[in-house]
Amino acid sequence: MGRITVRRAVIRAALGAEPVRRIDSLAVEEPLEIRVAGRPLVVTMRTPGHDVELAAGFLVSEGVIGAAEDIRSAIHCGGPGTGGEINEYNVLDIALAVGVAPPAPDVTRNFYTTSSCGMCGKASIDAVRTVSRFDVRTDPVTVEPEQVVALPDRLRAEQAVFDKTGGLHAAGLFDVASGELLVLREDVGRHNAVDKVIGWALLQDRLPLRGVVLQVSGRASFELVQKAVMAGVPVLSAVSAPSSLAVELADEAGLTLLGFVRGDHMNIYSQPQRVRQEVRT
């Protein structure tokens, strides 16, 4: 697994039993500095791997790019003030295509995003209500309830690194028509996992992501709903709860937001017409 996992000695303790020393696998968490044209944009704490997808997805979420041709190149480089320092692959410089406007000054972060908070620290809610170039409301896709409730188990079954560490979030794209899992990404940060999925879609020229369900392993925050809308995702499904602001944005944007998707049930928080069922009150 390389730098995705590391092995460390731990002591396993249990009530009424002797402590046992063992070797455990941990999910790696390292900083990634994303630069655009050599200028620092943001530092995020992530699980190494699929860094170009992560950066591309982040730029989609920020409204900077919307197609693969908007990126000219992506190069891992040395850290700040490098002069022959070892490249730890924790700095990624993105060059945008000619004619693509660089990130606005208010996008640039003078802080880092943690694996749990994502875009914590933005000045106001208005600042993160980015306008998507894709109209989610026009996506006519509908899903069967049986299809939706099966997705968390399908996602979990594909989480190879989680099996080793128990410490990663996951996001996966499922094609509604075929039922196929298009892509799955794991990361210590749930927002990073989603960015990696969206970045994959951008690099595969699949934006907007019409006719799909984005399944996530945790809760549905405002930020995850925003990322889904920016990528043109019509349905976001989460195994845990959404926030009030996430529901508000989903309804406003025309995205179907599903929460507590567990076992044989789910809560439909917005745009219920996409779930093919008779609702009884």
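Reading the values: rules and limits
Once a new chain begins, its residue numbering starts again from 1 and follows that chain's sequence as written. Residue-level local features of this predicted model are given only where pLDDT is at least 70; pairs of side-chain atoms are given and counted only at 80 or more, and the full residue set underlies all totals for whole chains, interfaces and linings. Hydrogens and water are ignored here; the side-chain numbers use all heavy atoms of the structure. Numbering of helices and strands runs from the N terminus; a helix is a DSSP stretch of H or I covering at least four residues, while a strand is a stretch of E covering at least two. Exposure classes here rest on a 1.4 Å probe applied to the protein chains alone. A residue is buried below 20% of its type maximum, exposed above 50%, and partly exposed in between. Contacts are residue-level and defined by heavy atoms, with any inter-residue pair within 4.5 Å sufficient. In this description, accessible areas are obtained by the Shrake-Rupley approach with a 1.4 Å probe, and a residue is regarded as covered only by the protein chains that are shown. The term polar contact refers here to a pair of N or O atoms within 3.5 Å; inside protein, the definition further demands a hydrogen-donor-capable atom paired with an acceptor-capable atom, and it admits residues adjacent in sequence only when both atoms are side-chain atoms. Cavities and pockets are defined on a 1 Å grid built over the protein atoms alone: a cavity is a set of grid points where a 1.4 Å probe fits but cannot escape, while a pocket is an open set with protein on both sides within 12 Å along at least five of seven lines, and lining residues are those with an atom within 4 Å of any such point. Grid points are joined across faces, edges and corners, and a volume is the space filled by probe spheres set on the points. Any residue that is not Ala, Val, Leu, Ile, Met, Phe, Trp, Tyr, Cys, Pro, Asp, Glu, Lys or Arg is counted as polar, Gly included; the first ten are nonpolar and the last four charged. Here the rule is simple: two strands pair whenever DSSP picks up at least two bridges between them. All axes here are fitted lines through C-alpha atoms, helices being fitted over the stretch that makes contact, and every angle between N-to-C directions spans 0 to 180 degrees. In this scheme, a helix's expected span is set at 1.5 Å multiplied by one less than its residue total. Every residue carries a pLDDT, the predictor's confidence in it, which falls somewhere between 0 and 100. To form a nonpolar core, buried Ala, Val, Leu, Ile, Met, Phe, Trp, Tyr and Cys residues must be joined to one another through side-chain atoms within 4.5 Å. Note that the domain bounds reflect an automated or database-derived domain assignment.

Chemist: Explain the overall build of the protein residue by residue, including any values.
Modeler: Within the protein, the regular secondary structure consists of eight helices and 13 strands. In the protein, which comprises 281 residues, the proportion classed as buried is 51%. Residue pairs in contact within the protein that sit at least 24 positions apart in sequence constitute 56% of those at least 6 positions apart. Within the structure as shown, the protein displays about 13400 Å² of accessible surface, and the carbon and sulfur contribution to it stands at 52%.

Chemist: I'd like a description of the environment of V141, backed by residues and values.
Modeler: Topologically, V141 is positioned in the loop between α2 (125-128) and α3 (145-149). Residue classification places V141 among the buried positions, given a relative accessible area of 12%. Sequence spacing of V141 and R274 is 133 residues, and the spatial spacing of their C-alpha atoms is 6.4 Å. Filtering out sequence-adjacent residues up to four positions away, V141 remains in contact with V176, G211, P234, V235 and R274.

Chemist: Pulling in residues and values, what's your account of the side chain of D51?
Modeler: Take D51: it is sitting in helix α1 (residues 51-61). For D51, a relative accessible area of 7% translates into the label buried. In this structure the side chain of D51 is engaged in a polar contact, spanning 3.1 Å, whose partner is the side chain of H76. If sequence neighbours within four positions are ignored, D51 has contacts with L32, R46, H76, Y89 and L92.

Chemist: I'd love a proper account of empty space enclosed by the protein, names of residues and values included.
Modeler: A complete count under the given rule lists two cavities of 30 Å³ or more for this structure. Taken together, Q147, L151, F174, D175, V176, G179 and V213 form the lining of the second largest cavity. Split by residue class, the lining of the second largest cavity holds four nonpolar, two polar and one charged.

Chemist: Could you give an account of the sheet that holds strand β11 (residues 235-238), naming the residues involved and the relevant values?
Modeler: Reading across the sheet, the six strands line up as β9-β8-β10-β11-β12-β13 and stay open at both edges, with mixed pairing between neighbours. A strand with exactly one partner marks an edge of an open sheet, and here the two such strands are β9 (181-187) and β13 (265-270). On average, each strand axis in the sheet is inclined to that of its neighbour by 20°, with strand direction left out of account. As defined by bridge partners, strand β12 (residues 256-262) adjoins β13 across four bridges and the pair is classed as antiparallel. Looking at β13, one finds that L257 is bridged to S270.

Chemist: Talk me through helix α6 (residues 190-203); I want residue IDs and the actual numbers.
Modeler: For α6, which comprises 14 residues, the first-to-last C-alpha distance of 20 Å matches the rise-based estimate of 20 Å (1.5 Å per residue) to within 8%. In terms of burial, α6 is a largely internal element, 13 of the 14 residues being buried. Of the residues one or two after α6, D205 is the one with positive phi, at around 55°.

Chemist: Quick rundown of the confidence of the model for the protein? Include the residues and the values.
Modeler: Summary statistics for the protein give a mean pLDDT of 87 and a share of 83% for residues scoring 70 or more. Overall, residues 119-125 carries pLDDT values under 50, and its contacts beyond four positions in sequence, including any with other chains, amount to 14 contacts.

Chemist: How would you sum up the pairing of strand β6 (residues 91-96)? Please name residues and give values.
Modeler: Summarising burial for β6: five of the six residues are buried, a large majority. One ladder, built from four bridges, connects strand β3 (residues 30-36) with β6; its direction is parallel. When the sheet's bridge partners are listed, V36 is paired in β6 with I94. Both strand β5 (residues 71-76) and β6 contribute to a ladder of five bridges, which runs antiparallel. Counterpart to I75 in the pairing with β6 is D93.

Chemist: Which residues make up the nonpolar core, and what values go with them?
Modeler: A general tendency of soluble globular proteins is for nonpolar side chains to be buried together. Membership of the largest hydrophobic core comes to 55 residues, with the highest contact counts inside it found for L59, I65, L173, L214 and L257. For this core, the element with the most residues is α6, which contributes seven residues. Inspection of this core shows a minimum of three residues originating in each of domain 1 (30-128) and domain 2 (136-274). Apart from the residues within four sequence positions on either side, L173 is in contact with E180, L181, L182, V183, V197, W200, L209, V212, V213 and L214.

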